[in-house]
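Examination of the molecular architecture
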Amino acid sequence: MDILALLSGGLLEAIQPLNLVLIVIGVTLGLFIGAMPGLGSVNGVAILLPITFLVPPASAIIFLAAIYYGAMYGGAISSITLGIPGASTAVATTFDGRPLALKGRASLALVTAALASFVGGTVSIILFTLFAPMLASVALNFGAPEIFALMLLAFATFVGLGGDDIPKTVLSICLGLVFAAVGFDEISGAPRLVFFDISGFLHGINFLVLAIGVYGIGEMLWTIDTTRGKITTTEAKMSLKGIVADSVEGMSKGAKGTTIGSFLGFFVGILPAAGATPGSLMAYGVSKLTSKDPDSYGKGNPDGVAAPEAANNSASTGSMLPMLTLGIPGSPTTAILLGGMVIWGLTPGPRLFTDEPEFVWGLIGSFYVSNVFALLINLSFIPLFIWMLRMPFTILAPMIFVLSVVGGYAATNDMHDVWLMILFGLSAFFLRKFDYPLAPAVLAIVLGPIAEPTLRQSLLLSSGDPSIFFTRPIAGPITIIAIILILLPLFKLMRDKFRSPRARGV
């Protein structure tokens, strides 16, 4: 009952006129910030941080959190309509969202993304409200071995992303891991894999640069090549009746992915330094792994849109939990929010819930309100997003290229990355021509910078003994499950080989 009373007070604080206006403005801004390639929630919150000094501290954090929420919704827009991930958190949405749009089902993809985002956000907020202190203590028990085991599990779920061609999938993962290792070694500080001694490689390869190159420029070249000059406008129809029908279809076909994304995303989100991007990729992988029709993924399966969208919204709320309860940011965006709280004299940590209950519960209440407004604003703008698809490809292709270049430059403010992005786009096009899967490489470059240092730290802790991944109570079960999933394709291959001689004998 105490929680309900505190939550009621928080909701009343969130719907105060000033806070409500800030929520609506923040969500709307976040929607378009998330949709712009190269911006994303991190840049959006950082750019708008100085504006918040005009309002009280609690209202300022509510405004920034609303931008964060809106950006999580907005990332799917350009992923679906243009094939360019608006942010790294929306890369997995491109896998099935873009094929749906190319089939003339952009409305279904956008509605499914919006509803899955709403459900994921709602589930995570409820979990946050009920279990914040307990979940924070669980997250605190995750050391380097546990985080590496979780990353290994993520790789295991993605082994099947390349279909039955396991060698090509493994090669794709290895390419991603090589790109993830470019730059300075986190532990020794020594430069490594600085190709041709080009100084631009010293800061590493930005994930968003690779993602925009692969799914923006690469997708554009692939479309031009496959249509052989007969490029027409993508079919895109929109009506109120259509939105209702798409809502029913999206929720029925995306129910499993939404459920997986909502819970898995929140769990990954509360882990320090993980964030929404690994959460969305893992949710997509698990959803495909548990599907009765895994071959439909990557070809326009609504479940493949629902899983990552539910996960990235759920993870965005989950990443707030360690920030508020432990003072540890769960994602780059919450790191900026943490800095804002310190500037306004608020000290995140275990005592925040007792010292500043009005602020904490007002912020939690704003999560509920922001989630509702994000859904309504997103659905109301769907006709505008659909209109974009009616443009002739002769206009759309140059727009995709310009947005890709601007997004690639905005990510790091370095022309080196623009040229690198174009190179990735060309490489992705040729890899697709030879039927190499791209998704495992994208996963590897996301998880590589998390997996490598945690592996090395774990082995340093155990003096080089790998049994540390099996003997610890949390890491052990996760590692065993990951190894079983990695070996499953091998077992399947052996089973098929044993069956084929019998079939020939019959």
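One can find the structure itself at the top, above this paragraph.
Residues numbered from 1 in each chain as written. Predicted model: local features only at pLDDT ≥ 70, side-chain atom pairs only at ≥ 80, totals over all residues. Heavy atoms only, no water.

1. Quick notes on the nonpolar core
In this structure, Phe359 and Phe367 are the most contacted members of the largest nonpolar core, which totals 70 residues. In terms of residue count, helix α4 (residues 57-81) provides more of this core than any other element does, 15 residues in total. Those residues in contact with Phe367, other than ones at most four positions away along the chain, are Ala65, Tyr69, Ile125, Phe128, Thr317 and Met320. The next biggest cluster of nonpolar side chains, apart from the first, holds 47 residues, and it includes Phe201, Leu271, Ala283 and Ile450. (Core = buried A, V, L, I, M, F, W, Y, C linked by side-chain atoms within 4.5 Å. Buried < 20%, exposed > 50% of the residue type's maximum accessible area, 1.4 Å probe, protein only. Helix = DSSP H or I, 4+ residues; strand = E, 2+ residues; numbered from the N terminus. Contact = heavy atoms within 4.5 Å.)

2. Brief notes about the pattern of salt bridges
Within the structure shown, the criterion is met by 5 salt bridges. Salt-bridge contacts for Glu146 lead to Arg472; the nearest nitrogen and oxygen are separated by 2.8 Å. With a gap of 326 residues between them, Glu146 in helix α7 (residues 144-158) and Arg472 in the loop between α21 (468-471) and α22 (475-505) connect regions that are remote in the sequence. For Arg472, a relative accessible area of 29% gives the class partly exposed. Sharing partners across several salt bridges, the network here consists of Asp185, Arg192, Glu452 and Arg456. (Salt bridge = Lys/Arg side-chain N within 4 Å of Asp/Glu carboxyl O.)

3. Details of helix α8 (residues 166-180)
Over its 15 residues, α8 extends 21 Å from the first C-alpha to the last, a length consistent with the 21 Å expected when each residue adds 1.5 Å. All of the buried residues along α8 are Thr169, Ser172, Ile173, Gly176 and Ala180. Along the axis of α8, the buried residues cluster in a sector spanning 95 degrees; they form a single face. (Expected span 1.5 Å × (residues − 1). Arc of directions from axis to C-beta.)

4. Some details on the packing of helix α11 (residues 255-269) against helix α12 (residues 276-289)
Close contact between α11 and α12 brings their axes to 9 Å; oriented N to C, the two are set at 140 degrees. One way to sum up the angle between α11 and α12 is to call them oblique. In this structure, the crossing between α11 and α12 has a hand that is right-handed. Seen from α11, the contacting residues are Lys256, Gly257, Ile260, Gly261, Leu264 and Val268; seen from α12, they are Pro278, Gly279, Met282, Ala283, Val286 and Ser287. When the residues that make up the contact of α11 with α12 are grouped by side-chain class, the tally is 7 nonpolar, 4 polar and 1 charged. (Axes fitted to C-alpha atoms, helices over the stretch in contact; angles between N-to-C directions. Parallel < 35°, antiparallel > 145°, perpendicular 65-115°, else oblique. Left-handed = near helix turned anticlockwise from the far one by under 90°. Nonpolar A, V, L, I, M, F, W, Y, C, P; charged D, E, K, R; others polar.)

5. Topic: helix α19 (residues 415-433)
With 19 residues, α19 should reach 27 Å at 1.5 Å per residue; the first-to-last C-alpha distance of 28 Å fits that figure. Restricting attention to buried positions, one finds in α19 the residues His416, Asp417, Val418, Leu420, Met421, Phe424, Gly425, Ala428 and Phe429.

6. Quick word on the environment of Met220
Looking at the element boundaries, Met220 is found in helix α9 (residues 207-227). Classification of Met220 by relative accessible area gives buried; the value is 10%. In this structure, the C-alpha to C-alpha distance between Met220 and Phe429, residues 209 residues apart in sequence, is 8.9 Å.

7. Topic: unusual backbone geometry
Glycine aside, the phi torsion of most residues is negative, and most peptide linkages are trans. We note that Leu193 has phi near 50 degrees; this positive angle belongs to a residue other than glycine. Inspection of the secondary structure puts Leu193 in the loop between β2 (191-192) and α9. Although it is not a glycine, Asp197 adopts a positive phi angle of roughly 55 degrees. Tracing the backbone through its elements, the reader meets Asp197 in the loop between β2 and α9. Owing to a relative accessible area of 70%, Asp197 belongs among the exposed residues under this scheme.

8. Here we look at a nonpolar patch on the surface
On the surface, a cluster of nonpolar side chains totalling about 1100 Å² of accessible area is made up of Phe470, Ile480, Ile483, Ile484, Ile486, Leu487, Leu488, Leu490, Phe491, Leu493, Met494 and Phe498. Ranked by residue count, the leading element in the nonpolar patch is α22, at 11 residues. (Patch = residues over 30% accessible without salt bridge, like charges linked within 9 Å, V, L, I, M, F, W, Y side chains within 5 Å. Areas by Shrake-Rupley, 256 points an atom, 1.4 Å probe, with all protein chains shown as cover.)

9. Digging into the environment of Ile173
Within the fold, Ile173 resides in helix α8. By relative accessible area, which is 11% here, Ile173 ends up buried. Sequence spacing of Ile173 and Phe155 is 18 residues, and the spatial spacing of their C-alpha atoms is 8.5 Å. If we skip the residues at most four places from it in the chain, Ile173 touches Phe155, Pro440, Ala441 and Ala444.

10. Things to note about the side chain of His416
Position of His416 among the secondary structure elements: in helix α19. By relative accessible area, which is 16% here, His416 ends up buried. Each residue touching His416, except ones within four places of it in the same chain, is listed here: Ile198, Gly200, Phe201 and His203.

11. Topic: the environment of Thr52
With respect to the helices and strands, the residue Thr52 is situated in the loop between α3 (40-48) and α4. C-alpha of Thr52 to C-alpha of Phe63: the two residues are 11 residues apart in sequence and 7.7 Å apart in space. The contacts of Thr52, once residues within four sequence positions are left out, are Ala60, Phe63, Leu64 and Trp344.

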